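Working through the structure, step by step
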Amino acid sequence: MQKSTELMFGRGLVWATGEIHRRQRGIMNPAFSAPQMRTFLPMFQDSASKLAQMLKEEVIDAEPSGQLVVDMIGWLSRTTLDIIGELGFGFQFGSLDGLENPLRKQNESLFIGTPPRYRLILKTLWYYLPELLLDLIYLPTPRYRQLRRYSAFMRNFSQGIVERSIIEGDGKDVMSVLLRANASEDPRRTLSDIEMVDQIATLLFAGHDTTAKSLTWYLYEIARNPECQERVRAEIAAIRANKWVEKLSATDLESMAYTLATIKETLRLHPIVNVMHKEATRDDVIPLSSPIVTKSGEQVSSIPVRKGTLVDLAVGVYNRLPEIWGADANEFKPERFLDIDKSNHSNIGVFGNLMTFSSGPSGCIGWRFAVLEMQTIIVTLLENFEFSPPPQTEKTRIYRKPAGGLMAPMVEGGRCAWMGLVVKSLEE
Ligand code: HEM
């Protein structure tokens, strides 16, 4: 597992474990702090406005009625790529402007389609086979060659970015903030040049498709629940009514309690990382919230684990547990986050008592980035468009399937993520 992660992202934060992870994370945390994220808001807003403008052109041009079935995941993926390029490492992808870019092509080729069956089997066996045998099975495959090509390209590209950021020195993006923090740290606690370079591949992977797919699931839910959609629009209008400047502030966004509840509810129902694989770093005991009866009839209230035990965290299952969320756990009901009974909830996860961004020392470092980005894009889209599901046929019915390691919307038999929604411009 760590080997393929290293091939894709080098020795960045997603790859690191133990002491190396603690050191890297300690230096990176401030670059993702709440005040730092607020400085990103204008760029989120500019990208969201550009998305709305391009989408409007597509909808109005193609249909005189001002509505059209649009694959929203394509648009959202381009938007979040432009954002992570500029705010992550000061690079202009220009994908909303239709620019072709070799890095974008490399990145897309890596994540397109569901994996073939043999790779899913290999992944399942991964943990249980000796490493040498894995090398023998894995090394000659086309997937291995693809990963090698990607990692060589990425290293070269990222080196250029880091060199440029060092020379320019005043960038506002995450990498520039990180480079400055690294320079002022005790040398024993700093990131090496290679570790710094490899954070770019890490940010590109972790900060792009994750948010695009979560936003896509948001639109899917909001399209199926028009009364929720209207309520979000009304909340935005109420905030606007008290403002005389065009741009909303971070405080305005935070005050939209219902909109935030709809985001939490989407992240609850559609965690894009459905299962997380962890390894116990020491002998430990996992306490259970309520006792269970084992196959042998024994009642247990905790599970001992030995160092090295592999533990799968079923995020998708936790997020829909009726014991936590109620009998209507499978339904989209944002109100549950407005009148949440805190006494019934253990405080788990970094956001909304959910496991979607995980928890603990390796929980998602970019969750504040992702939430603010989602809030901004959602507000802009819902102020300008109405979303509804297209007529349901085999060609338009959406299923949740794994693609590129993330749960994606797909139609039956499709190889790529797709989310067609009827988009209607609200412009008179
Ligand atoms: C809705 C969007 C996102 C979701 C659902 C998400 C979810 C996750 C999850 C489940 C993990 C694994 C945590 C673990 O292993 O315990 C993770 C890790 C990570 N995420 Fe996110 N993420 C999102 C957006 C972002 C963004 C926008 C960024 C960066 C700008 C980012 C950067 C990272 C990094 C660097 C890690 C590795 C953290 C570590 O190992 O210490 N993520 N994310």
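Named according to an unreviewed UniProt entry, the protein chain is Cytochrome P450 originating from Lactarius akahatsu. Here the protein chain is described in UniProt, under the heading Pathway (unreviewed entry), as follows: "Secondary metabolite biosynthesis." Listed under Cofactor (unreviewed entry) in UniProt, the entry text for the protein chain is "heme".

What about the environment of methionine 28?
Position of methionine 28 relative to the elements: it lies in helix H2 (residues 18–28). A relative accessible area of 2% places methionine 28 in the buried class. As a C-alpha pair, methionine 28 and glutamine 199 span 171 residues in sequence and 9.7 Å in three-dimensional space. Look past the residues within four positions of methionine 28 in its chain and what remains in contact with it is Leu13, Leu178, Gln199 and Ile365.

As for the packing of aromatic side chains
This structure, assessed with the given rule, holds 13 aromatic pairs. Ring centres of phenylalanine 89 and phenylalanine 157 lie 6.3 Å apart, and the angle between their planes is 85°; on these two criteria the pair is classed as edge-to-face. Of the two residues, phenylalanine 89 is situated in helix H5 (residues 72–89) and phenylalanine 157 in helix H9 (residues 142–168); the sequence distance between them amounts to 68 residues. For phenylalanine 89, a relative accessible area of 0% translates into the label buried. Their ring planes at 85° and their centres at 4.9 Å tell us that phenylalanine 91 and phenylalanine 93 sit as a pair that is edge-to-face. Phenylalanine 93 sits in the buried class, given a relative accessible area of 2%. Grouping aromatic residues by their ring pairs yields a cluster made of Phe89, Phe91, Phe93 and Phe157. Just above the ring of tryptophan 75 sits the side chain of arginine 78; from NZ or CZ to the centre is 4.6 Å. In this arrangement the basic side chain of arginine 400 is found over the ring face of tryptophan 217, its NZ or CZ atom lying 5.7 Å from the centre.

Reading the values: the criteria
- Residues numbered from 1 in each chain as written.
- Predicted model: local features only at pLDDT ≥ 70, side-chain atom pairs only at ≥ 80, totals over all residues.
- Heavy atoms only, no water.
- UniProt positions renumbered as here; feature names shortened; annotations may be inferred.
- Helix = DSSP H or I, 4+ residues; strand = E, 2+ residues; numbered from the N terminus.
- Buried < 20%, exposed > 50% of the residue type's maximum accessible area, 1.4 Å probe, protein only.
- Contact = heavy atoms within 4.5 Å.
- Phe/Tyr/Trp six-rings, centres within 6.5 Å; stacked < 30°, edge-to-face > 60°.
- Lys NZ or Arg CZ within 6 Å of the ring centre and 35° of its normal.

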